[in-house]
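# A structural walkthrough
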Amino acid sequence: MCGKCCGYAAVLAALLLAPGGTAAQWPLRNGVVHGEFEAAWRTFLKRPAPESLGRYELYRDLPPGPVLEFGRLWLITRDEGSLYELRLHQPGQQDQAGVLRGQRIGAFRFEASRTQSPRFFSTSARLLNPVGEPGIFPLPVPRPPPEAFNSAPVRAPIGLRWDFDRVAAEFTPRPPWKIEGSYARIGKRGERPMGMAFGSPGNNFREVLEPVDHTIHDLRFGQSLASDRIRLNLAYHLSLFENEATSVVADNPLTAADHPAQGSSRGRVGLAPSSVAQGFTAAASASLPRRTRLNGTVSYSWRRQDEPFLPYTINTAIDASAQPISPRGLDGQVRTTLVSVSGSIQPVRQLSITGRYRTFDFADHTPRVVLPVRVLSDRVLATGEFVPQRYPHRRHNAGLDGRWRLGAPLTLRAGYDWERWERSRDVRDVGTTNEHIPRLALDLILHDRIHARGSFEHSNRRGDGYAIHPADTELATLRRFDLADRDRRRVRASIDLLPWDAVDIALSYELGRRRYPDSLHGLQAEGERSVTVDLGWTLGTGLNVHATYARESFDARQQSRYRAPPAQLENESFDWVGITDERVRTIGAGATARLIPGKLDLTASLARSRGHVQMLAFNPTPPSGGTSEQHASATAADLPEIGHTLTPVEGTLRYRLSETWVTALRFTQDGFRRNDFRVDGLTPATGSDLFLGDGLSSYSARLFTLTVEYRPWMLGARTPPLQ
Amino acid sequence: MWQHRSWKPPARVALACIPVILILAARGESPGRGPAEAVAGIPSEAEGATYAGQAACAWCHNVAVERFSASPKGKRLLEHPQTALERQGCEACHGPGSEHVAALGRARGDGFVTFARNDPTPVERRNAVCLQCHQGGELLHWQGSAHDLRRSACTDCHSVMTAHSERNLLARPTVLETCAGCHVREVRQHQFSFSRMPVLEGKMTCTNCHNPHGSTSERLLVAATVNEVCFACHAERRGPFLWEHAPVTESCLNCHDPHGSRNGAMLIRPQPRLCQQCHVQSRHPSDPQRVSATRFLMGRQCTNCHTNIHGSNHPSGSRFVR
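The following refers to the structure shown. Residues take numbers from 1 onward in each chain, read along the sequence in its written order. Whichever chain is written first becomes A and whichever ligand is written first becomes 1, with later ones labelled in order. Given that the model is predicted, a residue must reach a pLDDT of at least 70 before its local features are reported, and side-chain atom pairs must reach 80 or more before they are shown or counted; all residues, however, enter totals for whole chains, interfaces and linings. Side-chain calculation: all heavy atoms of the structure are included, whereas hydrogens and water are not.

### Overview of the pairing of strand S29 (residues 600-618) of chain A
Residues and elements named next belong to chain A. Using the following cut-off: Two strands are said to pair when DSSP picks up at least two bridges between them. For helices the rule is a DSSP run of H or I covering at least 4 residues; for strands it is a run of E covering at least 2, with both sets numbered from the N terminus onward.
As paired strands, strand S28 (residues 575-596) and S29 are joined by 19 bridges and run antiparallel to one another. Of the residues in S29, the one forming a bridge with arginine 583 is histidine 612. In sequence, S28 turns back onto S29 through a hairpin of 3 residues, with glycine 598 there showing a positive phi of about 80°.

### Details of helix H2 (residues 50-57) of chain A
All names here are of chain A. Rules: Exposure categories follow from relative accessible area, calculated using a 1.4 Å probe and restricted to protein chains: below 20% of the type maximum is buried, above 50% is exposed, and the middle band is partly exposed. Any two residues whose heavy atoms approach within 4.5 Å at even a single point are treated as in contact.
The complete set of buried residues in H2 reads Ser52, Gly54, Arg55, Tyr56 and Glu57. As for H2, its buried residues are in contact with strand S2 (31-46), strand S6 (108-122), strand S31 (661-675) and strand S34 (699-710). Following H2 by one or two positions, leucine 58 has its phi on the positive side, about 45°.

### Notes on the packing of aromatic side chains
Keep this limit in mind: Only centres within 6.5 Å qualify two rings of Phe, Tyr or Trp (six-membered ring in Trp) as a pair; their planes then separate them into stacked at under 30 degrees, edge-to-face at over 60, and tilted for everything else. Only when the NZ of Lys or the CZ of Arg is both within 6 Å of the ring centre and within 35 degrees of the ring normal is a charge said to sit over the ring.
For the coordinates displayed, the defined rule picks out 14 aromatic pairs over all chains. When the centroid spacing of 5.0 Å and the interplanar angle of 45° are considered together, the rings of Tyr236(A) and Phe280(A) count as tilted. Pair noted here: Tyr236(A) is in strand S11 (residues 230-243) and Phe280(A) is in strand S14 (residues 275-288), with a separation of 44 residues, a long-range link. Taking the relative accessible area as the measure of exposure, Phe280(A) reaches 45% and is therefore partly exposed. One aromatic cluster is present, formed by Phe44(A), Tyr56(A), Phe672(A), Tyr699(A) and Phe194(B) through successive ring pairs. One Lys or Arg, Arg55(A), reaches over the ring of Phe672(A) and ends 5.0 Å from the middle of that ring. Sitting above the plane of the Tyr56(A) ring, Arg60(A) keeps its charged end 4.8 Å from the centroid.

### Let's talk about helix H7 (residues 123-131) of chain B
Count 3.6 residues to each turn of an α-helix, and residues three or four apart come out pointing the same way. With 8 of its 9 residues buried, H7(B) lies for the most part within the structure. Within H7(B) the residues assigned to the buried category are Val123(B), Glu124(B), Arg125(B), Arg126(B), Asn127(B), Ala128(B), Val129(B) and Leu131(B). Check the buried side of H7(B) and you find it contacts strand S20 (393-406) of chain A together with helix H5 (90-94) and helix H9 (154-157) of chain B.

### Description of the environment of Pro367(A)
Relative to the helices and strands, Pro367(A) resides in the loop between strand S17 (351-364) and strand S18 (371-376). Beyond its immediate chain neighbours, meaning those up to four positions away, Pro367(A) contacts Leu330(A) and Asp331(A).

### Topic: the packing of helix H3 (residues 62-69) of chain B against helix H4 (residues 72-79) of chain B
Residue and element names in this part refer to chain B. Filter applied, for reference: Every angle, taken between N-to-C directions, lies between 0 and 180 degrees, and every axis is a line fitted to C-alpha atoms, over only the stretch in contact when it is a helix. Should an angle fall under 35 degrees it is taken as roughly parallel, and over 145 as roughly antiparallel, whereas 65 to 115 is taken as roughly perpendicular and any remaining angle as oblique. Polar here means any residue other than Ala, Val, Leu, Ile, Met, Phe, Trp, Tyr, Cys and Pro, which are nonpolar, and Asp, Glu, Lys and Arg, which are charged; Gly is therefore polar.
Put simply, H3 and H4 touch, their axes get as near as 6 Å, and they point 105° apart. In terms of orientation, H3 lies roughly perpendicular with respect to H4. On the side of H3, the interface is formed by Val65, Phe68 and Ser69, while H4 contributes Lys73, Gly74, Lys75, Leu78 and Glu79. Counted by class, the contact of H3 with H4 contains 3 nonpolar, 2 polar and 3 charged residues.

### Observations regarding the interface of chain A and chain B
Put simply, the rule is: Whenever a nitrogen or oxygen atom comes within 3.5 Å of another N or O atom, the pair is scored as a polar contact, on the condition that within protein one atom can donate a hydrogen and the other can accept it, and that pairs from neighbouring residues in sequence are kept only if both atoms are in side chains.
Facing the 205 residues of chain A at the interface are 135 residues of chain B. Where chain A meets chain B, there are 66 residue pairs in polar contact (both at pLDDT 80 or more). For the side of chain A that touches chain B, the class distribution of residues is 90 nonpolar, 58 polar and 57 charged.

Printed below as a string of structure tokens:
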């Protein structure tokens, strides 16, 4: 409503002021206030249906009717040494933004801003009962039949709103000493879909909504000193995360009675705990003779989390109270340390050399916790010693790069990088990995007409022996891709051609391959390939056209083995190979035409991007040696293709009413089509499970926007925006 | 046995290097600033050139001077100079212009930096002009950074004389469009991916995560690691949790592509294949799954049940279902 009021006021002001064509300037005693704005009226020729509106708007708010797209007031003091500005974007809408800022040249700068961003998940979810308290999802007793869930009312849009508020200031007490600080508050409110597993009967689960009430306080403070010879930066950072919701409780749709072994009438999932992180960074840089530069950075931070634990279970038939949780909270503490040094030198004009070393240490100082009880899915009590693992690690990187200018047009770059990860063998399959990455690149610039670049990179990562952790129930031949031995190569080539001043052609090619030579099971190979062609052509002084074509493909090959319960049946014929094949093809074209020089411009663009993903699967040998049920389970088959197509079309006709007033008529068409067998036509009650049934809906939207703009600075007037 | 408290020799050496840097800098020789090098050695090729003064510039370039003088940077250099260098006005950046004036602006290769497309001045010398003033803060790590090594010119991304953007004197209206000049693929991902961040809506941009002027991290990140960049907004994933998921602890990029993806939640691979890359335990993780396996394949797939896949603080959350 507020958005519409702002919009009506702006449109009215535009109608009253536009014919006059006067500049919006108001002289004051100490300066002059200027103003500019853009008012719009949106009319949908076709608006997406409610069930697909969430996908269409996704991160924005697009109501029909009037809106103040943009408004700005700024004051320049009489000595032209200070500027103060108030800027608003779409005030009153869900995605509004505003900023107030000012600066005194060479003295200070401040800024206060607010940005809102909606984030829709769906507008077609079905929930049987209205939610009482946030995060509580009760069901009546006896439980309703599946049909009742399928005919449940559609839930109002499910989504979040991010509110990002920030104040920042920069003060220069005495150049080159500068102090700066900022405080940001990110608020996330709303809800998002989440699953609740009950485990019984039949491993069922139910989709419900996670209440989101998050606040992040982010405080930064720093000072810097920069002179010809030395530069110093000191910074402090504090991040406080607060989650008002601690858990989600949902009733099991298939049972209303708690049972010590056959399931619970309800389940409880813990949500993200509140936490705090803070850190210091000191960085120094020094300039030495022969264009030598040395940099050093030390950064230390720690994270802490000590939220009280939830009870083991909400199942009243399981008495876990005899095994109290000690301690009360995790007392989780992580400390990270970064040390980085780098140096560059230019011994001769044509040659520059850069070296660097960096180490990042992630040390987990969380006390060891031993849990005597575990209740998976609030279903069955298991006793023993359950010890949560910590994953400390350290990473080292070093590199040396040389750049040699072979005459004016040609530059050769050669480099070598080394990366080492150190992990604890107590909890990971590999202790240490080393990766060596030599690379080569060539740049050629010829008479500003040809600019060609090519690079090649090859690397090998090797570990100190892969051993599946004894406590793990994984296949011994499994190699996890983040730890496994890996060979990687990447080729990039691009060329920009300017055969004539009016024609610009750009071609680029990229190929990346990663092989995991020892991975009998797990990810074995993956890669990507892309080709892009861009063409721009200026026809005379009034017409520019451009076109683009891109083709990308991504693939991955993984091998797995069906392992049937109850015995760990290690049958090689139960192996299956999964291939994921993803392809994206994008074409686009656009034009800018000056129809009446100085008066009427036309810009138009259209694009179509079609992507598909397919999960293919096959058995290298037919399953044999097991029961017929096991053979059926082990038999792999291709899954249906998943695809999506985006077709954005836009055209704008801009007419210049006067030097400062412009009106524009914009047509926008958005087309989205998605087929995904995983969500299409999914009814809430599917088997023994309960989904929200909020499949993605394709849509098509056509929108006309009429705008009136008053923007003096864009037309070459004297006042540009704040920088 | 790996011990996280012990510091390896390279790290100790690195740590020791930092005071050495400061001592060297304090004792070192300052980059020369003789009369012909008044602009940090930039116009050193303009031997004998002297400052011609602002009026000489305006004589031919009156439109450009007028436009520049209206900009905040112009106001600083031309009306409110803070340093001796800034008092040189146009010549603070372009260098002493007497030779340029004498040749009526026609001579090329006279050491005068025009920053025009056909300016033969090497990129390093052009960039050194900007680095005279912009060398601290976010630009501390420019030298030796990825863009410096690729000989990217400051003027490839910034336009000092004409404002094309709301802030930061960019050469194009937005950060995204500026980066799109070279990083076509990443920007296209943002434009056409099924699952993406609110970059097109202007709610965030490339510089929220990357510092194009250099950093101590991979891919010019603004924080020490990928995870620390992500946690700035997604602090709920930070933990530490009672039950951690090792690949999440190490890098969000193990599963997500922040530039956009064809899969939900910006995953690098569709579920359940993503999870099956690392999990071949008995029962459902090892099952190839068929369309009839709704529980494992439909809706949110693996995360239908493994809700807290980023880590759980629930005492019974070892498998991330609580």
